[in-house]
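This is what each chain is made of:
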Amino acid sequence: MVLSIPTNNKESPAMSKLAIINGKLADPTGKDVGGGVILIEGDRIVAAGDVAVPADAETIDAGGLVVAPGLIDLGVFATDKPAFHFGGITRAALLPDQSSPLDDAGLIRQATRAGKPDFWVHPIAAATRGLKGAELAEIGMMQAAGARAVGTGRQWIADSGVMMRVLSYASGLGLTVITHAEDSGLAGKAVATSGETATRLGLSHAPACAEAMAIARDIMLARETGAALHFRLVTTKAGFDLIRAAKAEGLKVTCGVSPAYLFLSDNAVTDFRTFARLSPPLRSEDDRKASIAAVADGTVDVITSSHDPRGPEDKRLPFADAAPGMAGAETLLALSLNLVREGHVSLNRLMTLLSANPAKILGVNAGSFAPGSAADLIFIDPDTPWIVDSTKMAAQAGNTPFDRMPVQGRARKIMKGGTFL
Amino acid sequence: MPDITVPSAQSDLKGPDLTGRALFPHRHLLSIADLKPWEIRFLLDEAEHWAKSNRGGARKHDDRLAGMTQINAFFENSTRTLLSFEIAGKRLGADVVNMAAATSSVKKGETLIDTAMTLNAMAADVIVIRHASSGAVALIADKVDCPVLNAGDGWHQHPTQALLDALTIRRRKGGFEGLIVAICGDVLHSRVARSNMLCLAALGAQVRAVAPPTLMPPEVEMLGATPYHRMDEGLEGADVVMMLRLQNERMDGAFIPSAREYHMLYGLTPERLAIARPDALVMHPGPMNRGVEISSVVADHPERSAITEQVEMGVAIRMACLDVLTRGARGVEGWS
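Residues numbered from 1 in each chain as written. Chains lettered and ligands numbered in written order. Predicted model: local features only at pLDDT ≥ 70, side-chain atom pairs only at ≥ 80, totals over all residues. Heavy atoms only, no water.

On the side of chain A, 17 residues touch chain B, which itself brings 19 residues to the contact. Carbon and sulfur atoms supply 67% of the area that chain B and chain A bury against each other, a total of about 1,500 Å² over both sides. Taken together, the links from chain B to chain A amount to 3 residue pairs in polar contact (both at pLDDT 80 or more). Of all the elements in the fold, those that place two or more residues in the side of chain B that touches chain A are helix 4 (112-121) and helix 5 (136-141) of chain B. (Contact = heavy atoms within 4.5 Å. Buried area = accessible area lost by both parts, 1.4 Å probe. Polar contact = N/O pair within 3.5 Å; in protein donor to acceptor, adjacent residues only side chain to side chain. Helix = DSSP H or I, 4+ residues; strand = E, 2+ residues; numbered from the N terminus.)

So this is what it looks like as structure tokens:
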């Protein structure tokens with residue numbers, strides 16, 4: 001490693017001044033990766049770009065690595081610090097689907113403390129009590145306790161009246177509602193997308209339009225209520241088309257995708273590979289291509305890992321009995337960098353998707369080089385090759401459908417709140 | 001029974017000239033999709049021998065599997081398939097043990113993998129498995145040292161059923177080339193249909209899948225079948241009419257409105273059978289819902305119905321599969 005790091009910070013962090021030099025800055029607001037300096041005081045960025053290094057600042061030589069805001073993972077199921085740190089993720093929004101659903105201020109407060117100081121969890125408040133989709137949870141109390149958004153969890157809310165009240169109530173509190181887009185009537189107990197693979201394997205399946213149906217309804221409710229609505233994972237062409245139109249109309253609608261849907265299609269399920277059992281299920285090759293196109297044309301706002309580590313007790317089962325989800329934190333950055341290498345987005349734009357936009361949706365002062373933003377930084381070697389190995393992962397479990405895939409790009413070093421980990 | 005002749009037009013399906021293990025290089029029998037057409041033919045040819053010996057009087061024993069242990073692990077209820085595998089194993093001289101789900105530790109929460117390890121530790125020589133979940137049998141097969149036979153996994157596969165159906169058809173019709181086979185009923189939820197479509201298409205038959213749209217899997221063509229939604233169109237000119245069982249829980253308005261409406265639209269009645277070829281063969285994997293998917297007159301028709309012959313061929317096919325899959329372990333020349 002070329003990177004040189006000050007060995008000790010004797011002064012209190014609030015007093016320390018750091019200057020990061022010799023890095024390629026991937027500023028989410030910039031057009032291209034460029035040279036420059038990042039000045040940090042305490043745990044905040046004070047300036048970035050073409051600025052002079054103050055005489056009293058300690059300098060850190062980035063050794064030519066790409067310096068970017070730490071990734072903010074908008075929607076994870078577990079606080080899995082080793083995996084997040086491996087992946088260059090400095091903050092994550094924790095979904096309310098925990099063993100006790102996050103529908104209570106006490107649980108929210110506990111969740112916010114789970115990662116500190118070197119990792120910050122921003123919990124998402126359950127929209128309804130017990131995530132049952134019936135009665136509003138104490139969203140205001142949870143916001144006061146640290147919740148940064150409202151979420152429907154793994155399911156959508158089937159009752160349109162309840163969903164409208166969730167959106168309406170959350171908008172009054174200035175919180176974005178993060179929803180799962182699958183019409184439960186259509187999706188039912190399906191474990192795969194209708195198509196060749198599901199037919200061949202004899203898996204229960206639902207048509208991909210279950211997603212667009214859910215999105216269509218929720219966009220109408222967002223229009224009606226004026227609420228900010230984020231679709232956590234959108235995976236189909238029809239879904240992206242609806243979101244594109246809603247954005248053109250000026251609605252406060254955003255959406256995310258995870259690398260699995262960008263780089264895998266439903267044929268990854270062949271041989272009943274439970275690591276490829278996801279929710280929503282992997283889609284057709286056409287939908288996969290549409291997902292890439294939606295990233296390239298700006299329809300997608302967020303790329304998330306949807307990190308959900310699952311051990312053998314959840315995955316070494318018949319396909320339909322296995323729990324959905326993948327461990328994605330460690331591969332989020334490397335897989336997303338494929339989008340840059342393939343020319344779909346610039347590195348700066350990628351950082352907008354991985355960091356700046358999630359920060360905006362959560363309303364946290366991070367994911368940016370703007371003065372006052374949290375000094376959460378990662379030092380990326382974008383080209384270093386490595387091979388994903390499900391048996392050697394930092395995560396709580398190695399359930400990745402990308403096992404044995406060669407990838408490129410690693411976060412070499414992480415700074416959280418002005419301090420190197 | 002007519003003599004068995006393989007039409008010469010199918011010579012391309014015979015495959016390379018192989019012997020021993022090379023003839024059937026599979027450790028397990030999990031899915032028809034794993035088999036080449038000549039491998040299917042090989043199993044059918046092997047079963048002919050057992051079909052003959054099973055008819056050969058009171059003593060049907062052949063002790064080639066003597067001293068071997070066959071475990072029938074049925075995680076889903078079954079009467080006829082379990083019985084068929086048990087008789088097949090016993091006729092070959094194996095020690096056959098049945099593990100029924102209702103009495104197993106599966107009910108006590110043991111995982112499928114743990115059950116597989118347990119069966120393996122008991123040094124079974126061949127394991128026959130049925131499970132309600134697609135892919136479950138392959139999951140177990142990965143964890144055990146002996147051959148595994150899939151006796152049905154979810155909606156996925158039931159390979160011995162397809163083989164016994166193919167054997168029945170071949171004995172009655174002489175071959176498969178150009179034969180029109182209509183597979184009718186709940187194709188969506190049917191492992192029998194999935195296995196049969198792949199098997200019969202591989203053997204050269206023209207396969208039709210006949211089902212109401214709610215019971216038709218999407219893109220069924222890739223399994224080798226042409227979809228038909230109207231029974232009468234699907235039966236037109238058919239040489240074989242293969243009916244599928246309609247599970248009771250599908251008749252309650254979830255997939256079709258009622259049993260009687262299903263019978264009206266898709267039931268195989270004598271009138272409807274008349275649309276097929278005059279010598280069309282009627283098949284059903286059983287157990288039948290008489291008066292729902294098939295009327296008794298058709299099911300019991302002495303010449304047209306091959307339903308009891310299917311059961312008979314089931315034992316023969318299972319004997320052939322048990323024999324072939326254990327040849328390596330038994331040290332049969334060319335198979336180790």
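On we go from here.
Time to look at empty space enclosed by the protein. Residues and elements named next belong to chain A. For the coordinates displayed, the defined rule picks out 3 cavities of 30 Å³ or more. In terms of lining residues, the largest cavity is bounded by 15 residues, among which Tyr261, Leu278, Ser279, Ser306 and Gly325 are the most central. Here the lining of the largest cavity is composed, by residue class, of 7 nonpolar, 5 polar and 3 charged. There is about 50 Å³ of room inside the second largest cavity. Taken together, 13 residues make up the lining of the second largest cavity; nearest its centre are Ala192, Thr193, Asp266, Val269 and Leu282. Within the residue set of the lining of the second largest cavity, elements represented by two or more residues are strand 12 (192-193) and helix 6 (196-201). Of the residues in the lining of the second largest cavity, the class split is 9 nonpolar, 2 polar and 2 charged. (1 Å grid on protein atoms, 1.4 Å probe; cavity = no way out; pocket = protein on both sides within 12 Å on 5 of 7 lines; lining within 4 Å. Points joined across faces, edges and corners; volume = space filled by probe spheres on them. Nonpolar A, V, L, I, M, F, W, Y, C, P; charged D, E, K, R; others polar.)

Residue and element names in this part refer to chain B. Strands sit in the order 7-6-5-8-9 across an open sheet of 5 strands; the sheet is parallel. Looking at the sheet topology across the chains shown, the edges are occupied by strand 7 (225-228) and strand 9 (281-283). Neighbour-to-neighbour, the strand axes of this sheet turn through a mean angle of 20 degrees, independent of strand direction. Of the strand pairs in this sheet, strand 6 (residues 206-210) and strand 7 are connected by 4 bridges, and their pairing is parallel. Its bridge partner lying in strand 7, Ala209 is registered against Pro227. Sitting on the sheet, helix 6 (residues 159-173) is in contact with strand 8 (240-243) and strand 9, with an inclination near 165 degrees to strand 9. (Pairing = 2+ DSSP bridges. Axes fitted to C-alpha atoms, helices over the stretch in contact; angles between N-to-C directions.)

Residues and elements named next belong to chain A. By the secondary structure assignment, Pro385 is in strand 17 (residues 377-387). As a C-alpha pair, Pro385 and Arg410 span 25 residues in sequence and 8.2 Å in three-dimensional space. With residues near it in sequence (within four places) discarded, Pro385 still touches Val407 and Gln408.

The values reported here are purely geometric and, on their own, carry no functional implication.
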